[in-house]
Amino acid sequence: MNRKQKNKLTMVICLVVLLSTAAGLVLYALKQNINLFYTPTQLATLKVNPKQALRIGGYVKKQSVHYDATGTNVRFTIMDPANQIEVVFDGVLPTLFREGQGVVVTGKLIDSQHFAANEVLAKHDEKYVPRYLKEEMEKTARQSA
């Protein structure tokens, strides 16, 4: 191997080592944030600083949604098969929000059973159809029947 080839090989090896180190450092720094949200069961076992922002996901428990007199403050319970947590939210809920539906909330833990949310994201299942499309399909079905 001549001198030019050795220099190129050395540069390639240094570049691969540098990129591998950078990727490893990025993955190490993000290891706490890789999980998109915690379930109520995971949250029960997690040691959390009360001022730490968290995301919790699960299903809205049936008959757990309660609005205050103004209609903007709402309390509901998020559950998974083993645990549940009560969520307090002051704001307008997304259109897809309803009991039995999946949600992800962002906010801060008040105590082990209560969570103050500042954002609520409603998830839809794989059978989701936009309202206007559903109405159009129903109208077409009535006309053809």
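Residues numbered from 1 in each chain as written. Predicted model: local features only at pLDDT ≥ 70, side-chain atom pairs only at ≥ 80, totals over all residues. Heavy atoms only, no water.

1. Considerations on the overall build of the protein
In terms of helices and strands, the protein carries 3 helices and 6 strands. When the helices and strands of the protein are placed in sequence order, the string is α-α-β-β-β-β-β-β-α. Taken along its principal axes, the extent of the C-alpha atoms in the protein is 80 × 55 × 30 Å. The burial tally for the protein puts 23% of its 145 residues in the buried class. (Helix = DSSP H or I, 4+ residues; strand = E, 2+ residues; numbered from the N terminus. Buried < 20%, exposed > 50% of the residue type's maximum accessible area, 1.4 Å probe, protein only.)

2. What about helix α1 (residues 3-29)?
Taking 1.5 Å per residue, 27 residues should reach 39 Å; α1 reaches 39 Å between its end C-alpha atoms and fits that length. N-cap assignment for α1: the residue whose side-chain oxygen lies 3.2 Å from the backbone N of Lys 4 is Asn 2. (Expected span 1.5 Å × (residues − 1). Polar contact = N/O pair within 3.5 Å; in protein donor to acceptor, adjacent residues only side chain to side chain.)

3. So, the environment of Leu 43
With respect to the element layout, Leu 43 can be found in helix α2 (residues 40-45). Counting along the chain gives 70 residues from Leu 43 to Gln 113, while the straight-line C-alpha distance between them is 9.8 Å. Discounting chain neighbours no more than four positions away, the residues touching Leu 43 are Val 48, Leu 54, Ile 56, Ile 85 and Leu 109. (Contact = heavy atoms within 4.5 Å.)

4. Comments concerning the pairing of strand β3 (residues 73-79)
Relative to β3, strand β1 (residues 53-60) runs antiparallel, the two being bridged by 2 bridges. The partner of Val 60 across the bridge, within β3, is Ile 78. The pairing of strand β2 (residues 66-67) with β3 spans 2 bridges and is antiparallel. Of the residues in β3, the one forming a bridge with His 66 is Arg 75. Remark: 5 residues form the turn of the hairpin made by β2 and β3, two consecutive strands paired antiparallel; Gly 71 in that turn has positive phi of roughly 85°. (Pairing = 2+ DSSP bridges.)

As far as function goes, none of this settles anything; it's purely spatial.
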